[in-house]
Amino acid sequence: MVVKSEDGRELRSFRFKDEDDSQEVRAVERSILLGTFADQLPPEAIRFSSKLAKIGRSENGETLLELVDGTRLSAKIVIGCDGVRSPVAKWLGFSEPKYVGYCAFRGLGFYPDGQPCEPRVTYTYGRGLRAGYVPISPTKVYWFVCFNSPSPGPKITDPSILKNQSRELVRNWPSELLNIIDRTPRDTIIRTPLVDRWLWPMVSPSASSGSVVLVGDAWHPMTPNLGQGACCALEDAVVLSRKLANAINSGNGSVESALKSYESERWPRIFPLTVRANLVGSLLQWENPVVCSVRNNVVIPKLVRIGPMLEHTNFACERL
């Protein structure tokens, strides 16, 4: 990893293995990861583009789902992993995630003849603005730009506007990031208001009700400042799979108890990470020039210890 200031000066660099030998970083394109998982399931097991319109209960206790295309389904178990605007979460009583004060552009730079980046994560910190990029394949480089904004602003879908806006934010920064943005197909660029939801003990609704349960961003949306949002969703899936398998295979436990056990095990892991990600983001999005100078010249080069900062990535994923 390399951390730079907006003028291109290197503030800190390190190798993950040197900080913690157990650490390993692999950047993977989300669509490739999801496709790999989907390929392990029976054909027709997944119905894509099936947005949920309504959820309710039948007289016999099963969950009734109605899709936007009018299709109606009766389900014995519903796992709501339908993102930050989850209708399932709303049905369970959760409030909308809270906007944290900054937005992000994201995209995939494409190099058909091979991308030129070294195998490293590169971050650049400015005033109320930060960016980064990392190669994710021999031909693609993922990049992001986070910028402060008092409100989420209007939803913009025009890809040419998104590309121009993201480029304008870092136009005076080192050219390497601009080159990646220029090599980005317009249809891969998105602009997202960043949000999170803090799961306060004894206050937040339960993640499950009967045989309905939440997973991932639907339950615990967090800012991407620790790189753990999707990772925690994968952890959720592992724990939930184990709980359900034990309940179903043993014949002694109920599905409802398994879902409650899943929630109890995951909450102590998720809540601190959500808070920590929020606080880290607040520090990195500073605008005050004096504070930013102290961050770049003292905190990052001399005070931050990388090893403890990586402890949150450790998760023992035993064989299912």
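Structure report, in brief. Because the structure is predicted, anything quoted here is derived from the model rather than measured. (Residues numbered from 1 in each chain as written. Predicted model: local features only at pLDDT ≥ 70, side-chain atom pairs only at ≥ 80, totals over all residues. Heavy atoms only, no water.)

## Some remarks on the overall build of the chain
In terms of helices and strands, the chain carries nine helices and 13 strands. The globule rule puts the C-alpha radius of gyration for 320 residues at 20 Å, and the 21 Å found for the chain is close to it. If one aligns the C-alpha atoms of the chain with their principal axes, the spans along those axes are about 65 × 40 × 40 Å. When burial is assessed residue by residue, the chain has 40% of its 320 residues classed as buried. Of the contacts made within the chain by residues no fewer than 6 positions apart, 70% connect residues no fewer than 24 positions apart. Surface summary for the chain: the accessible area is close to 18000 Å², and the carbon and sulfur share equals 54%. Across the chain, the centroid of the 39 positively charged side chains sits 3 Å from that of the 34 negatively charged ones. (Helix = DSSP H or I, 4+ residues; strand = E, 2+ residues; numbered from the N terminus. Rg over C-alpha atoms; globule rule 2.2 N^0.38 Å. Buried < 20%, exposed > 50% of the residue type's maximum accessible area, 1.4 Å probe, protein only. Contact = heavy atoms within 4.5 Å. Areas by Shrake-Rupley, 256 points an atom, 1.4 Å probe, with all protein chains shown as cover. Lys, Arg positive; Asp, Glu negative; His and termini not counted. Charge placed at Lys NZ, Arg CZ, Asp CG, Glu CD.)

## Thoughts on the packing of helix α6 (residues 229-250) against helix α7 (residues 255-284)
Across the interface, α6 lies against α7 with an axial gap of 9 Å and an inter-helix angle of 155 degrees. It follows from the interaxial angle that α6 and α7 lie roughly antiparallel. Between α6 and α7 lies a crossing of right-handed hand. Side by side, α6 and α7 meet where Cys232, Glu235, Asp236, Val239, Leu240, Lys243, Leu244 and Ala247 of the first sit next to Val255, Ala258, Leu259, Ser261, Tyr262, Glu265, Arg266, Arg269, Ile270 and Leu273 of the second. Of the residues in the contact of α6 with α7, the class split is eleven nonpolar, one polar and six charged. (Axes fitted to C-alpha atoms, helices over the stretch in contact; angles between N-to-C directions. Parallel < 35°, antiparallel > 145°, perpendicular 65-115°, else oblique. Left-handed = near helix turned anticlockwise from the far one by under 90°. Nonpolar A, V, L, I, M, F, W, Y, C, P; charged D, E, K, R; others polar.)

## Digging into the environment of Tyr111
Tracing the backbone through its elements, the reader meets Tyr111 in the loop between β7 (98-110) and β8 (122-125). Residue class for Tyr111 comes out buried when judged on its relative accessible area of 7%. For the pair formed by Tyr111 and Asn288, sequence separation is 177 residues and the distance between their alpha carbons is 37 Å. Ignoring any residue separated from it by four or fewer positions in sequence, one finds Tyr111 in contact with Pro116, Thr139, Val141, Asn179, Ile180 and Arg183.

## Remarks on the pattern of salt bridges
Close approach of charged atoms allows side chains with opposite charge to pair. Tallied over the full model, the rule gives twelve salt bridges. Close ionic contact of Arg171 with Glu168 constitutes a salt bridge, the shortest N to O distance being 3.0 Å. Residue Glu168 is classed as partly exposed on the basis of its relative accessible area of 44%. The structure contains a network of salt bridges with shared partners spanning Glu235, Asp236, Arg266 and Arg269. (Salt bridge = Lys/Arg side-chain N within 4 Å of Asp/Glu carboxyl O.)

## Considering the nonpolar core
With 48 residues, the main nonpolar core has Val88, Phe94, Leu214, Trp219, Leu240 and Tyr262 as its most contacted residues. Here this core takes ten residues from α7, the largest share from any one element. Not counting chain neighbours up to four residues away, the residues in contact with Trp219 comprise Phe94, Arg197, Leu199, Ala207, Leu214, Asp236, Tyr262, Glu263, Arg266, Trp267 and Ile270. Leu129, Leu162, Val170 and Ile180 belong to the second-largest nonpolar core, a separate cluster that totals 21 residues. (Core = buried A, V, L, I, M, F, W, Y, C linked by side-chain atoms within 4.5 Å.)

## Some points on α7
The end-to-end C-alpha separation of α7 is 42 Å, in line with the 44 Å expected for 30 residues at 1.5 Å each. The sharpest bend along α7 reaches about 40 degrees and sits at Trp267, with the proline Pro268 one to four residues further on. (Expected span 1.5 Å × (residues − 1). Bend = angle between axes of the 7 residues up to and from the residue.)

## Focus on the sheet that holds strand β12 (residues 208-209)
Strand pairing in a sheet takes place through backbone hydrogen bonds and is either antiparallel or parallel in direction. A sheet is described by the order of its strands in space; here three strands give the open sequence β6-β13-β12, paired in mixed fashion. The open sheet is flanked by β6 (78-80) and β12, the only strands paired with a single partner. Sheet topology note: the β12/strand β13 (residues 212-214) ladder contains two bridges and is antiparallel. Within β13, the residue paired with Ser208 across the bridge is Val213. The sheet strands contacting α7 are β12 and β13, and the helix crosses β13 at an angle near 15 degrees. (Pairing = 2+ DSSP bridges.)

None of the figures reported here should be taken as evidence of function without further support.
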